[in-house]
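# Tertiary structure, described
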Amino acid sequence: MDALNPNANSGWRHERGEASLSDVYRTVGTGRHSSMWRRAAAFAGPGYMVAVGYMDPGNWATSLAGGSKFGYALLTVALLSNLMAIVLQSLCARLAIASGRDLAQACRDAFPKYVSVPLWAFAEIAIIATDIAEVIGTAIGLNLLMGIPLELGVLITALDVFLILFLQRLGFRWVEAFIIALLGVIALCFGVQIFLADPQWGAVITGFFPTTEIVTNPEMLYLALGILGATVMPHNLYLHSGIVQTRAYGHTIPEKKEALTFATIDSTVALCFALLINASILILAAAAFNANGKTDVVELGNAYALLSPLLGLAIAPTLFGIALLCCGLNSTVTATLAGQIVMEGFLKIRLKPWVRRLITRAIAIVPAAVVTIWYGNQGTAELLILTQVVLSLQLSFAVFPLVMFTANRAKMGELVAPRWLSGIAYVIAIVIAGLNVKLLFDFVTG
């Protein structure tokens, strides 16, 4: 275990124990004596893995529905969600760099078992819900592109754990490179589709500005809450606080401050990229569906089928399917890593890395596969919406501890979050909790 700064950890009750993702902990050099640009580049990567969670297949359903029903009006909600995500992910990096702990380890230390064990259970439920959405997305992508039955596609997605094991044997940078490459493919696919759809760019720009109709129109408000409530994912908070520690930054306060700066830049730039993708989905739905009178497109399969006749080119739905498949693959990889961080951090399980990864993957993939196969092809949209509601319910159990820890000087030392940042974070946490309660209430009451 590395030597931790005593001032930064005097508020913790116990020693950290095994490092987060110990098999890849501090394996990526940061070139401490290199130029500033090289040091900054060394920290680029974790943010893009986190960004994957902000464009997972669960978000596609809400963005498609929002764009097809209300055109460009809900782009402002996507922007607001992204700004909230930037603040919360920066706090994840701050917690990890200041304390040497991921969020799961911090929760285990700070709370008694009767609190930490339920928090672990909630985190696992959130990861299972995330996996269901991602398994569905990958399986639908395989079905649309290759005609593979949904049930078989679900089983194929379970093989991603072996992909992670293989890439990590080459080095964690290979995992990041894989994720970034697929993100590039997704961006290219949507870039071509939007070019074909030829949206009204004036209306696109206007869509990023808030309108009172979002509040006064109940149907628009519901979709806005769905987009906002489904964007910030619970597992991403655990994931970021773990993978940022793959960097071999120094132990002194100046070195940690520099690491925090570079990690925050990485996540902020990556989340801006995620906003670009999310906005692209909504813009495509607005330009291709809403502009042509198709205002009820929710199912991913329906969107795929409609793109070719509406845009006039057979390649359009193929690009949509490729982007969906890449998105699903990316999301399952990052959810698997988040599952390992959650299980190790909360339960302190000591097993060989490949065994731990198989176990954590099985915990998520088995329920996901059962539920997906049970619902079948016809229920995918309803199931995607259900997963977002489950995620909404779990989110506050990760957000509030994160904000509490990073605002605590005894735990964070000199890297404690400034009061203004903690104030903003608490407002975000309360807003997210309130909106998610409203989303859950609307779901239960029909």
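Rules used throughout
- Residues numbered from 1 in each chain as written.
- Predicted model: local features only at pLDDT ≥ 70, side-chain atom pairs only at ≥ 80, totals over all residues.
- Heavy atoms only, no water.
- UniProt positions renumbered as here; feature names shortened; annotations may be inferred.
- Helix = DSSP H or I, 4+ residues; strand = E, 2+ residues; numbered from the N terminus.
- Buried < 20%, exposed > 50% of the residue type's maximum accessible area, 1.4 Å probe, protein only.
- Contact = heavy atoms within 4.5 Å.
- Areas by Shrake-Rupley, 256 points an atom, 1.4 Å probe, with all protein chains shown as cover.
- Lys, Arg positive; Asp, Glu negative; His and termini not counted.
- Charge placed at Lys NZ, Arg CZ, Asp CG, Glu CD.
- Arc of directions from axis to C-beta.
- Phe/Tyr/Trp six-rings, centres within 6.5 Å; stacked < 30°, edge-to-face > 60°.
- Salt bridge = Lys/Arg side-chain N within 4 Å of Asp/Glu carboxyl O.
- Core = buried A, V, L, I, M, F, W, Y, C linked by side-chain atoms within 4.5 Å.
- Disulfide = S-S within 2.5 Å.
- Patch = residues over 30% accessible without salt bridge, like charges linked within 9 Å, V, L, I, M, F, W, Y side chains within 5 Å.
- Polar contact = N/O pair within 3.5 Å; in protein donor to acceptor, adjacent residues only side chain to side chain.

Looking up the chain in an unreviewed UniProt entry gives the name Divalent metal cation transporter MntH, with the organism given as Rhizobium aethiopicum. Quoted verbatim from the Function (unreviewed entry) heading of the UniProt record, the comment on the chain is "H(+)-stimulated, divalent metal cation uptake system."

### Some points on the overall build of the chain
Per the secondary structure count, the chain includes 21 helices and zero strands. For the chain, the spread of C-alpha atoms along the three principal axes comes to 65 × 50 × 45 Å. In the chain, which comprises 446 residues, the proportion classed as buried is 59%. In the chain, the proportion of contacts linking residues at least 24 apart, taken out of those at least 6 apart, comes to 85%. Looking at the chain as shown, the accessible area adds up to about 17000 Å², and 69% of this sits on carbon and sulfur atoms. Side-chain charges in the chain split into 27 positive and 25 negative, and the spacing between the mean points of these groups amounts to 12 Å.

### What about helix α8 (residues 150-157)?
Residues of α8 that are buried include every one of Leu150, Gly153, Val154 and Thr157, and no others. Here the buried residues of α8 occupy an arc of 105° about the axis, which is enough to place them on one side.

### Considering the environment of Gly321
Structurally, Gly321 is set in helix α17 (residues 315-347). Separated by 29 residues in the primary sequence, Gly321 and Asn292 have C-alpha atoms spaced 21 Å apart.

### Regarding the packing of aromatic side chains
In this description, a pair of aromatic rings is defined by centroid distance and the angle of the planes. Evaluation of the coordinates by the stated rule reveals five aromatic pairs. Taking 4.3 Å as the distance between ring centres and 25° as the angle between the ring planes, the aromatic pair formed by Phe122 and Phe397 counts as stacked. With Phe122 in helix α7 (residues 113-146) and Phe397 in helix α19 (residues 380-406), this residue pair connects regions lying 275 residues apart in the sequence. Linked through ring pairs, Trp12, Phe111 and Phe405 together constitute an aromatic cluster.

### Topic: the pattern of salt bridges
The full count for this structure, using the stated rule, is four salt bridges. Residue Arg101 pairs with Asp109 through a salt bridge whose shortest N-O separation is 3.9 Å. Across the pair, exposure class does not vary: Arg101 and Asp109 are buried alike. Arg173 is paired through a salt bridge with Glu176; the nearest N and O atoms lie 3.1 Å apart. Here Glu176 and Arg173 lie together in helix α10 (residues 172-197), a separation of three residues that amounts to about one turn. On the accessibility criterion, Glu176 (1% relative accessible area) is buried. Among the charged side chains, a network of salt bridges with common partners joins Arg173, Glu176 and Arg247.

### Some remarks on the environment of Asp131
You can see Asp131 is positioned in helix α7. Given the relative accessible area of 0%, Asp131 is considered buried. On a C-alpha basis, the gap between Asp131 and Val232 in space is 15 Å, while along the polypeptide they are 101 residues apart.

### Focus on the nonpolar core
Of all hydrophobic cores here, the largest spans 133 residues; its most connected members are Trp60, Leu74, Leu103, Tyr238 and Phe320. Looking at which element gives the most residues to this core, the answer is helix α15 (residues 253-288), with 17 residues.

### Observations concerning the state of the cysteines
Here the structure, examined in full by the defined rule, presents zero disulfides. Lacking any disulfide linkage, Cys189 is separated from the closest cysteine sulfur, that of Cys326, by 6.4 Å. Of the residues examined, Cys326 reaches a relative accessible area of 8% and is grouped as buried.

### Things to note about a nonpolar patch on the surface
The grouping of Leu152, Leu155, Ile156, Leu159, Phe162 and Leu358 at the surface amounts to a nonpolar patch, some 540 Å² of accessible area in total. Examining the composition of the nonpolar patch, we find that three residues originate from one element, α8, more than from any other. Structurally, the position occupied by Leu159 is in the loop between α8 and α9 (160-170).

### Notes on unusual backbone geometry
Here Leu21, not a glycine, exhibits a phi torsion of approximately 45°, which is positive. Looking at where Leu21 falls in the secondary structure, it is placed in the loop between α1 (6-9) and α2 (36-42). Leu21 gets classed as buried once you look at its relative accessible area, which sits at 0%. For Arg26, which is not glycine, the phi torsion reads 50° and is therefore positive. Inspection of the secondary structure assignment puts Arg26 in the loop between α1 and α2.

### Focus on helix α6 (residues 103-110)
Most of α6 is tucked away, with seven of its eight residues classed as buried. Listed as buried for α6 are Leu103, Ala104, Gln105, Ala106, Cys107, Arg108 and Asp109.

### Examining the side chain of Arg108
Within the element layout of this structure, Arg108 appears in helix α6. One buried charged side chain, Arg108, makes no salt bridge at all; its nearest oppositely charged neighbour is Asp109, positioned 6.6 Å away. Side-chain polar atoms of Arg108 contact the backbone oxygen of Gly345, separated by 2.5 Å.

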